[in-house]
Amino acid sequence: MFLPLRAGLAAALSLAAAPAFAHAVLAVTQASPNQTYRGVVQIGHGCDGKATTGITVTIPEGVIAAKPMPKAGWQLSTVKGGYARAYPSYHGTVAEGVKTITWTGGALPDDQYDEFVFQARLTDAVAPGGTVYFPVRQDCDGAVADWSQVPAAGQSARDLKSPAPGVRIVAAAAASAAPASASVKAGDLTIQAPWIRATPGGAKVAGGYLQVTNTGTEPDRLVAASIPLAARAEVHQMAMDKGVAKMAPVEGGLVIKPGETVVLKPGGYHLMFMDLSGPVKAGDTLDGTLTFARAGTVPVRFAVGAIGASAPEAGGHQHH
């Protein structure tokens, strides 16, 4: 059964990505197998001048554990169904999950822009070298734009009238062997000193830190991260409000401007790894990924410091 499934998936994959002129595109256009993907559906305008009142995203085969992000002013619904086969997950195997995600009840004018966000996991059934497509239906006050066309083998998505948004699949192994202290290059970005605080037994969250330098001429955004122990991760900001420390997700991702170095550290911007399946142990290293809007998904290796560590030290050791 596995071989026909892989063949079917291969037919749905191609080297072309959805063109920028489509109504619905994905902000993050590159990802790797066996990694968490943060899907950001960008809606640039309505249907023939009409306001957008509903967005439906179809989750393709080989993509599991889809979870939508609620959106103020919109009603959220999902439809679940069975997968073509069972897939390994953090909690054993899964044979069914969310197949479609729908936001309705809002009103996005034709001359305004917005984003609709979901999270999912790409399995090993999606192979590097192709593109996974997420069909999007856009309802516009009586009109419909159905962005669901997938190019045939050898065909360009630019030749299609209503192309589905696509995500290019790339291998994640290229940088996985780098030591935790090494810097990693990803296009115009240089990522340095990624590390994670160790957690006590039973903890469900862990903080992650690093610094990113943008040497290019265009801004980029850090939108997601992953490690094997965490079911999901978000970019957070810690700030003081009337003497009280408050933490909140960074909506839309953390911007790294051209020529800028952004430092994620305790007490400021940081990664929050959530729903841990086990403890993060001091002295270990964890292979993971960082996902950027332009640079795509980048494999990194996190050093694990002590519980309560404030910064990494040379050689990968930490201090309190």
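Residues numbered from 1 in each chain as written. Predicted model: local features only at pLDDT ≥ 70, side-chain atom pairs only at ≥ 80, totals over all residues. Heavy atoms only, no water.

(A) Seen up close, the overall build of the chain. Each helix and strand in the chain was counted, giving one helix and 25 strands. The 320 residues of the chain split such that 48% are buried. Across the chain, contacts joining residues at least 24 apart in sequence account for 70% of those joining residues at least 6 apart. When the accessible surface of the chain is split by element, carbon and sulfur atoms take 55% of a total near 14,400 Å². (Helix = DSSP H or I, 4+ residues; strand = E, 2+ residues; numbered from the N terminus. Buried < 20%, exposed > 50% of the residue type's maximum accessible area, 1.4 Å probe, protein only. Contact = heavy atoms within 4.5 Å. Areas by Shrake-Rupley, 256 points an atom, 1.4 Å probe, with all protein chains shown as cover.)

(B) Expanded view of the sheet that holds strand E3 (residues 35-43). The antiparallel open sheet is built from four strands, whose spatial order is E1-E3-E8-E5. Of all strands in the sheet, those with a lone pairing partner are strand E1 (24-26) and strand E5 (63-68), marking the two edges. Taken over all neighbouring pairs, the strand axes of this sheet differ in orientation by 30° on average, direction set aside. Summarising the sheet, E3 and strand E8 (residues 114-122) pair through nine bridges and their orientation is antiparallel. By the bridge assignment, Arg 38 is partnered in E8 with Gln 119. (Pairing = 2+ DSSP bridges. Axes fitted to C-alpha atoms, helices over the stretch in contact; angles between N-to-C directions.)

(C) A look at unusual backbone geometry. Even without glycine at this site, Asp 141 takes up a positive phi of about 50°. Position of Asp 141 relative to the elements: it lies in the loop between strand E10 (136-140) and strand E11 (143-147). With a phi close to 50°, Ala 193 is a non-glycine residue in the positive phi region. With respect to the helices, strands and loops of the structure, Ala 193 is situated in strand E14 (residues 189-197). Given a relative accessible area of 34%, Ala 193 falls into the partly exposed group.

(D) Spotlight on the packing of aromatic side chains. Tallied over the entire structure, the rule returns eight aromatic pairs. Relative to Phe 134, the ring of Phe 118 lies with its centre 5.5 Å away and its plane at 45°, an arrangement referred to as tilted. Of this pair, Phe 118 sits in strand E8 while Phe 134 is found in the loop between strand E9 (131-133) and E10, placing the two residues 16 residues apart along the sequence. Each member of the pair, Phe 118 as well as Phe 134, carries the same accessibility label: buried. Pairing Trp 195 with Tyr 209 gives two aromatic rings, centres 4.7 Å apart and planes at 40°, and the pair type is tilted. (Phe/Tyr/Trp six-rings, centres within 6.5 Å; stacked < 30°, edge-to-face > 60°.)

(E) Spatial organisation of the environment of Lys 246. Mapped onto the elements of the fold, Lys 246 is located in strand E18 (residues 244-249). What makes Lys 246 partly exposed here is its relative accessible area of 45%. Residues Lys 246 and Gly 267 lie 21 residues apart in sequence; the distance between their C-alpha atoms is 9.8 Å.

(F) Fine view of the sheet that holds strand E4 (residues 52-58). The strand order across the open sheet built from five strands is E6-E7-E4-E10-E11, with neighbouring strands paired in antiparallel fashion. A strand with exactly one partner marks an edge of an open sheet, and here the two such strands are strand E6 (75-89) and E11. Neighbour-to-neighbour, the strand axes of this sheet turn through a mean angle of 15°, independent of strand direction. Where E4 meets strand E7 (residues 92-108), six bridges bridge the pair, whose relative direction is antiparallel.

(G) The arrangement of the pattern of salt bridges in detail. Taken as a whole and assessed by the stated rule, the structure comprises seven salt bridges. With a closest N to O distance of 3.4 Å, Arg 85 and Asp 124 form a salt bridge. With Arg 85 in strand E6 and Asp 124 in the loop between E8 and E9, this residue pair connects regions lying 39 residues apart in the sequence. Judged by relative accessible area, Asp 124 falls into the partly exposed class, the value being 36%. Across the salt bridge formed by Arg 232 and Glu 234, the nearest N and O atoms sit 3.5 Å from each other. The exposure class of Arg 232 is partly exposed, given its relative accessible area of 27%. (Salt bridge = Lys/Arg side-chain N within 4 Å of Asp/Glu carboxyl O.)

(H) A look at the side chain of Glu 115. Within the fold, Glu 115 resides in strand E8. For the buried Glu 115, which has no salt bridge, the nearest side chain bearing the opposite charge is Arg 221, at an N-O separation of 4.6 Å. Reaching out from Glu 115, the side chain makes a polar contact with the side chain of Tyr 113 at a distance of 2.5 Å. Dropping the residues within four chain positions of it, Glu 115 is found in contact with Val 40, Val 41, Gln 42 and Lys 71. (Lys, Arg positive; Asp, Glu negative; His and termini not counted. Polar contact = N/O pair within 3.5 Å; in protein donor to acceptor, adjacent residues only side chain to side chain.)

(I) The arrangement of the nonpolar core in detail. Of all hydrophobic cores here, the largest spans 34 residues; its most connected members are Tyr 37, Val 41, Val 57, Ile 59, Phe 118 and Phe 134. For Val 57, the residues in contact, after removing those within four places along its chain, are Val 41, Lys 99, Thr 100, Ile 101, Trp 103, Phe 118, Phe 134, Pro 135 and Val 136. Of all hydrophobic cores here, the second largest spans 31 residues; its members include Ala 230, Val 250, Val 280 and Leu 286. (Core = buried A, V, L, I, M, F, W, Y, C linked by side-chain atoms within 4.5 Å.)

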